[in-house]
Each structure stands twice: as C-alpha cells, then as structure tokens.
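Observations on the three-dimensional arrangement
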Amino acid sequence: MKSYFSSIFGRSPVSPLQQHMAKVLACAEALLPLFKAVSEGDYNAVATAQQRVSDIEREADALKKELRDKLPHSMFMPFDRADFLELLRAQDRIANKSKDIAGLVLGRKMQLPEPLVDPFMDYLNRAIDASRQAKNTVDQLDELVETGFRGAEVEVVQEMLDKLDAIEHDTDRMQVQLRSLLQKLEPRIPPVDVMFLYQLIERVGSLADRAQQTGSRLQILMAR
Amino acid sequence: MKSYFSSIFGRSPVSPLQQHMAKVLACAEALLPLFKAVSEGDYNAVATAQQRVSDIEREADALKKELRDKLPHSMFMPFDRADFLELLRAQDRIANKSKDIAGLVLGRKMQLPEPLVDPFMDYLNRAIDASRQAKNTVDQLDELVETGFRGAEVEVVQEMLDKLDAIEHDTDRMQVQLRSLLQKLEPRIPPVDVMFLYQLIERVGSLADRAQQTGSRLQILMAR
Amino acid sequence: MKSYFSSIFGRSPVSPLQQHMAKVLACAEALLPLFKAVSEGDYNAVATAQQRVSDIEREADALKKELRDKLPHSMFMPFDRADFLELLRAQDRIANKSKDIAGLVLGRKMQLPEPLVDPFMDYLNRAIDASRQAKNTVDQLDELVETGFRGAEVEVVQEMLDKLDAIEHDTDRMQVQLRSLLQKLEPRIPPVDVMFLYQLIERVGSLADRAQQTGSRLQILMAR
C-alpha cells in the first residue's frame, strides 16, 4: 500500500495527516512568542507574531486541502474515510482557533493586566501542552495501522489519550482560577476590555478542548 | 439480539442510551435547585448544587464512553452506527451545557436581578421541559426498534417530536421577553454583569436547542 | 431517475436542494432592507423586515424537513446520502444565522453608530455576496450529476468555489477594519451596546463563513 500512496503523493495518507498535525501544533506554539510580546507591550512584535500564526495557519489549510482532495477512494484506506476526514478537521480547528486568538489580541492591541500575566501564560502553555499531546497520539497512527489497531500499541495510545484528557482538565481548572482573578480586577478595567479578556480566556480554553477532541476522533478511528 | 447485548454489557445498546439520557436529564434538572439557591442568595447551596451538576455530568460522560467503546460492529445494530453515536453526542451536549451554566453562575457568584427571577425560572423550567420531552422520545426507541420503525409507533413518536419543537419555540419566545426585560434594567447593573446575564440567558436557550437537536437526531435515526 | 423522483415529489432531490438554497439566499438578502431601516432609525420597518426574515427562514426550514424526510434510500441517489444531508444542513445554517441577526437587531432596537453605517453595509453586502456565490455553485449540481462529476464542469465549479473563498476572505478583512473602527468609538457608546455591536459584526462574519462551508460541503460531495 505504501508504494501505492507514494505514487499518489509520495507518502501514505497517515504521514500527511501527521505533517498537518505538526503544522497545527506549530501554529498553536506560535502563540507563545505572541503573548510574550503582549506582556512586554511590544505591539510590533505582536503584529509579527500574529502574522506568523496566520501564515502557519494558511500552510496547514493548504496541506489539509491537498490531503482531502487526494484521498483515494475508501477501498484503499485502512480506516473509514469519514473518520479520517473528521480527524483532519479536528486538527484543523486547533489552527483556526490559534489564528482567532492571535487576531483578537492584535486587533484590539490587547493588554494583559499585570496580575493575570503569569497565570495566563501557565494556562496558555497548558493548553498548548494539550496540542502537543494530541500530536503525540496522532504520531502513533502509523504504528496503529501497522499492528492492525490491535495489541499493545492500542494500550499505549489509550494511555496517551487519558493523559490528554488530564491536561484538558488542568486547563479547565486553571480557567476557573483565571476568571476568578479577573473578576476581582473588573472594577479597574474598562468593561469592554474586561469582556474581551474573558473572551480570550475562553478561546484559549477552546484551544485545549479542540486538542482533546482530536484525541476523541483518534479514539473513534481506533474503535471502528 | 437482547441476549447478545446482555452478554456484552447487560442490556441492549438502546437501553444504555436511554440510561444516558436519564442521566443527562438529571443533570439539567439539577439546575433547578441551583437557581433556587441563587434566587435565595445562598452561595453555599449554589456551590453544592454546582457540584451535583458536575458530578452527574461526569457520570453521564462515563456512561457515554462505555457505551461508545462497547458498541458492537455495525452488523449487529438495528440502526446506523453513526446515527446512534450522533444521538448519543446530542444527548451529551445537553449535560455539557448544564455544567457550563452551573459553572458560570457559581464562578461569578451570579445574582439574578429581582424582576428577572420569576420569568427566568419559568424560562429555565421550559428549557428543562424540552430535555424531559427529549427523554420521552428517546424512551420510545426500543418500541421503535421492536416495530421495525414502522406503523403506529412512528406516528406517536412524531407527535412527541412536534411537541418538543413547540416547547423549544416557547423558550425562544420567552428568551426574547427576558432579554427585553433585561435591556430595561441595563442602566442599573454593571455592564460586565449585564453581559453575563445575557450569556446566561443564551446558554439556557442553548439547553433547549440541544434538547431539540436530540429530537432531530432521533428523527434522522427513524428516517433511515 | 428523473421520472422516479418525479413520482416522489415532482422533481429530483437536486432541484429541491437548489430551491432550498434559493430560499436561504432570500432570507439573507432580506437583511438588506432590514439594515436600511436600522440606518434610517425606522423601527416599524425593522420589525416588518425582521418578520420577513423570520417567515422566509420558516419556509426554508419546512422545505428542508420535507426534502430530508422524502429522500429516497441511498441506492437511488447519485451521491452519498450523508454528504447530501450535510450540504442541506450547511445551507440551513445560513438561514438560521440570518434570523439570529434580525432577531438581535430588533430585540435591542439596535442602532448603528453613524461612522459604522457605510462600512457595515458594504460588509453585510459582501457577506451576502458569499451566499449568492454559494447558491451559484449549488445551482451547478444538476450539471455535475449529469456529467458524472467529471470533466470541464468540475473545473467551472472549482473556479466558482475559489471565488467563494475569495469573497469570504474579503469579509474577514472588512471585519477586521470594522472592529478597529468600532474600537475607536468605544468610549462614546455604552459598553453593553458596544458588546452587542461586536456581536453583530461577528454574526455577519459568520454568515459569510457558513456560505463558504456550504461551498466546502459541495466540494466534498464532488470529491467522493
């Protein structure tokens, strides 16, 4: 089969899917320098960082389209075609959310209130950890195919997915604390800015959710 | 078939689905004591109630995962596997939204402005009525399977789904009125609190929508 | 096949789908007189226009239900049944969003700040262009079926879809500018009204997104 796919696009559909996930993770990770720039109040750097996020998102989108269009007919696939496309879409949503976050921050020239900076950065990091863990699981897909989705490998992946769930729960917890912190600061910040800070916090939480959904989709692929 | 499923997990997949729906309804209904506590300003009781909602949501989630993982391969199922999973997911979203609502209220120690309390409680009750009606329809699933999705039973269920739509329309109407009421109160309430009250109203509306979508999914299952 | 479908509901399933899309576009286009009335501060006209949007949305919904319920079993269909229903649903979401926008504006008796009026109307128009373009592509579906989804026709449709993407990118760009404009006006407008203006802008952007997703769904239908 590998050589068949090679003649279509040089690698199995699993490999482009993993490439896409790598690109999606890069997109999410590009939020780190962006928020560092925000905390430093350096809006030129924020603009550069936002551009980077946007560029990587575009590259991911192009990979997604190419993969989707070149996907062979079902009978050549070691898994259900619809499940595969749903997994691809789940990955894609992580990149989209990263782009939304970057766009929101740049558009408003958002500032993070000083007491929020460290907890937010921890929170953001944890949300990106979820994407890293999602990538780790997706990277197991060829191994899974190879072993026919059976045996020890499934156990390994199941543990990785459990860990992904745990990371997502961490972010939930951290989100509650961050919102609580922000509520205390509300009197001191213009209401519209407050609302957008809540929106930002929610979007970062969504980033983690989407990483977890990617894991869910992989699980469904495994279960069929 | 019943005995086959028994050996897998003690009941047919229809029955666990119905169990899950019962759990989901319990989750939504747990919002009633929560908001009673809110209207009484008793935040200990709110915290307890939120914990309850969260616990039931976790139980529902566990039921969902067990059902999903143990679902037999398509050829043992009296309906399309993907449709079944979509119905399960629609139910799941009701519990998630209940949990979101409880979390929002507790997190902000939200208060309902006095003029809003009664209309809000009516609204909440009507939204939960939608979940009750959704459960009623899902409870018909074994009857539907038994009669091969044909005949009088389909008529009965169709009427129940029409009633579900009607309840959802009620909530739409009530939401418009509630928002209108709140708009009048805006000058007197801090803007951020106002925004979160609109968010709360919207989320309760979403609760009803998700109950209606559950009905839609059942309809799709019936139609195939 | 045409005669078979005729005996079911007088036309092929492609034709009702196109009828539905025409209805959906009418719904979105009904937002134009609505916002004209808003800019003129004529809330009776706004109410009438909102009623019109709501009525058309109801007609679209009825068409959708009829089509979905009468869809024959897969083996009579020249495309995957699930893909067809997803395309229908994508179209449906455009009408729903139009109705949401109209409801929001009427409910709050929203006013557009004077500096926003023209850019907003351009933006709205461009978002509706996306729906027009989506309809143009859906109108090609019978041609596509006729040619077996092969050859020149596919090229033609692909170009139309590329144009749809371009329109959606325009709306993205215009949204960024509009938000930037609004941010400058924030000090002068009550915060809650500000938040709802952002919501309105976002919903109109969503209108364009949903039109683009309709195009995506058509592309998936073509690719299978």
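Now for a look at the structure at hand. (Residues numbered from 1 in each chain as written. Chains lettered and ligands numbered in written order. Predicted model: local features only at pLDDT ≥ 70, side-chain atom pairs only at ≥ 80, totals over all residues. Heavy atoms only, no water.)

1. Observations concerning the overall build of chain A
Keep this limit in mind: Put simply, DSSP H or I for four residues or longer makes a helix, DSSP E for two residues or longer makes a strand, and each gets a number counted from the N terminus. The buried label goes to any residue with under 20% of its type's maximum accessible area, the exposed label to any with over 50%, and the partly exposed label to all in between, with areas taken from a 1.4 Å probe on protein chains only. Contact criterion: two residues are considered in contact whenever any of their non-hydrogen atoms come within 4.5 Å of each other. Per-residue and other accessible areas were derived by the Shrake-Rupley procedure at a 1.4 Å probe size, with only the shown protein chains allowed to occlude residues.
Across its full length, chain A holds nine helices and zero strands. Secondary structure elements of chain A occur, N-terminal to C-terminal, as α-α-α-α-α-α-α-α-α. Each of the 224 residues in chain A was classed as buried or not, and the buried ones make up 53%. Long-range pairs, those at least 24 residues apart, make up 82% of the contacts in chain A with a sequence separation of at least 6. Accessible surface, chain A as shown: approximately 9800 Å² in total, 48% of it carbon and sulfur.

2. Overview of the relation of the copies chain C and chain B
Basically, it comes down to this: The atoms used to superpose the copies are C-alpha atoms, taken from residues with pLDDT of at least 70 in both, and the fit is least squares.
Placing chain C over chain B gives an RMSD of 0.0 Å and needs a rotation angle of 120 degrees, together with 0.1 Å of translation along the axis. Taken together, the rotation and translation describe the operation of a three-fold axis. Taking the C-alpha atom as reference, chain C places Pro 191 of chain C closest to the rotation axis, 3.6 Å from it. When the interface residues of chain C are mapped onto chain B, a mere 15% of them are again interface residues, pointing to distinct binding faces.

3. As for the packing of aromatic side chains
Residue and element names in this part refer to chain A. So the rule is basically this: The criterion for an aromatic pair is that two Phe, Tyr or Trp rings (for Trp, the six-membered ring) have centres within 6.5 Å, with stacked assigned to planes under 30 degrees apart, edge-to-face to planes over 60 apart and tilted to the rest.
For the coordinates displayed, the defined rule picks out nine aromatic pairs over all chains. Considering the side-chain rings of Phe 120 and Tyr 123, the 6.3 Å spacing of their centres and the 65 degrees angle between planes classify their relative orientation as edge-to-face. Of this pair, Phe 120 and Tyr 123 both sit in helix H6 (residues 114-138), three residues apart, which is roughly one turn of that helix. For the pair Phe 120 and Tyr 123, one class covers both residues: buried. Site record: aromatic cluster; members linked through ring pairs are Phe 35, Phe 120 and Tyr 123.

4. Section: helix H3 (residues 31-39) of chain B
All names here are of chain B. Which entries qualify depends on this criterion: By construction, the arc corresponds to the directions joining the helix axis to the C-beta atoms.
Taken residue by residue, H3 has Leu 31, Leu 34, Phe 35, Ala 37 and Val 38 as its buried positions. Down the axis of H3, the buried side of the element spans an arc of 150 degrees, and every buried residue falls inside it. Taken from the residues just after H3, Gly 41 is the one with a positive phi, measuring 70 degrees.

5. Considering the interface of chain C and chain B
Basically, it comes down to this: The term buried area denotes the loss of accessible surface (1.4 Å probe radius) that occurs when two parts are joined, taken as the sum for both partners. By the convention adopted, Pro, Cys, Tyr, Trp, Phe, Met, Ile, Leu, Val and Ala count as nonpolar, Lys, Arg, Asp and Glu as charged, and the other residues, Gly among them, as polar.
Chain C puts 13 residues into the contact, and the matching count from chain B is 12 residues. Buried area between chain C and chain B, summed over both chains or domains, comes out near 1200 Å², and the portion from carbon and sulfur atoms is 52%. Among the residues chain C hides against chain B, the three largest losses belong to Arg 68, Arg 108 and Val 192 of chain C. Together they make up 37% of the total. The set of elements that each furnish at least two residues to the side of chain C that touches chain B consists of helix H4 (43-70), helix H5 (81-107) and helix H9 (191-223) of chain C. Taken together, the residues of the side of chain C that touches chain B sort by class into six nonpolar, two polar and five charged.

6. Section: unusual backbone geometry
Positioned with a positive phi, Lys 109 of chain A is a non-glycine residue whose angle comes to about 45 degrees. Mapped onto the secondary structure, Lys 109 of chain A falls in the loop between helix H5 (81-107) and H6.

7. A word on the packing of H3 of chain B against helix H4 (residues 43-70) of chain B
Residues and elements named next belong to chain B. What counts, and what does not: All axes here are fitted lines through C-alpha atoms, helices being fitted over the stretch that makes contact, and every angle between N-to-C directions spans 0 to 180 degrees. Angle categories are assigned with fixed cut-offs, so that under 35 degrees is roughly parallel, over 145 is roughly antiparallel, 65 to 115 is roughly perpendicular, and the rest are oblique. Crossings are sorted by hand: turned counterclockwise from the far helix by less than a right angle, the near helix makes the crossing left-handed, and turned clockwise it makes it right-handed.
Packing of H3 against H4 brings their axes to within 8 Å, and their N-to-C directions diverge by 165 degrees. With respect to their mutual orientation, H3 and H4 come out roughly antiparallel. The chirality of how H3 crosses H4 is left-handed. Between H3 and H4, the residues in contact are Leu 31, Pro 33, Leu 34, Ala 37 and Val 38 and Tyr 43, Ala 45, Val 46, Ala 49, Gln 50 and Val 53, respectively. Among the residues forming the contact of H3 with H4, the class breakdown is 10 nonpolar, one polar and no charged.

8. Overview of the side chain of Asp 165 of chain B
We count it as follows: A 3.5 Å cut-off defines polar contacts: any pair of N or O atoms within that distance qualifies, except that in protein one atom must be a possible hydrogen donor and the other a possible acceptor, and neighbouring residues in sequence count only when both atoms are side-chain atoms.
Summarising the element assignment, Asp 165 of chain B is placed in helix H8 (residues 152-185). A polar atom in the side chain of Asp 165 of chain B sits 3.4 Å from the side chain of Lys 65 of chain C. Once residues within four sequence positions are removed from consideration, Asp 165 of chain B is found in contact with Gln 212 of chain B together with Lys 65 of chain C.

9. Examining the relation of the copies chain C and chain A
Put simply, the second copy of the chain is the first one after a rotation about an axis and a shift along it. With an axial shift of 0.0 Å and an RMSD of 0.0 Å, the rotation relating chain C to chain A amounts to 120 degrees. Of the interface residues in chain C, just 18% have counterparts in chain A that sit at the interface too, so the contact is made through distinct surfaces.

10. Looking at the interface of chain C and chain A
Condition: Salt bridge, as applied in this entry: a Lys or Arg side-chain nitrogen positioned within 4 Å of an Asp or Glu carboxyl oxygen.
Contacts between the two partners involve 11 residues from chain C, matched on the other side by 12 residues from chain A. Around 1200 Å² of area is buried between chain C and chain A when both sides are counted, 51% of it from carbon and sulfur atoms. Applying the counting criterion to the chain C and chain A interface returns two salt bridges. Measuring nitrogen to oxygen at the nearest pair gives 3.5 Å for the salt bridge that ties Asp 165 of chain C to Lys 65 of chain A. The interface formed by chain C and chain A includes four residue pairs in polar contact (both at pLDDT 80 or more). By residue number, the principal contributor to the side of chain C that touches chain A is H9 of chain C, which donates six residues. Residue composition of the side of chain C that touches chain A, by class: five nonpolar, two polar and four charged.

11. Describing the pattern of salt bridges
Residues and elements named next belong to chain A. According to the stated counting rule, one finds 54 salt bridges over all chains in the structure shown. A salt bridge links Lys 65 to Asp 61, with the shortest nitrogen-to-oxygen separation between them at 3.5 Å. Taken as a pair, Lys 65 and Asp 61 lie in helix H4 (residues 43-70) at a separation of four residues, close to a single helical turn. Here the salt bridges share partners, and the residues they tie into one network are Glu 29, Arg 126, Asp 129, Arg 132, Asp 170 and Arg 173.

12. Things to note about the environment of Leu 112 of chain C
Residues and elements named next belong to chain C. Note that Leu 112 resides in the loop between H5 and helix H6 (114-138). Its relative accessible area of 12% is what places Leu 112 among the buried residues. A sequence separation of 46 residues divides Leu 112 from Gln 158, and the C-alpha atoms of the two residues are 37 Å apart. With residues near it in sequence (within four places) discarded, Leu 112 still touches Phe 35, Val 38, Val 117, Phe 120, Leu 197 and Leu 200.

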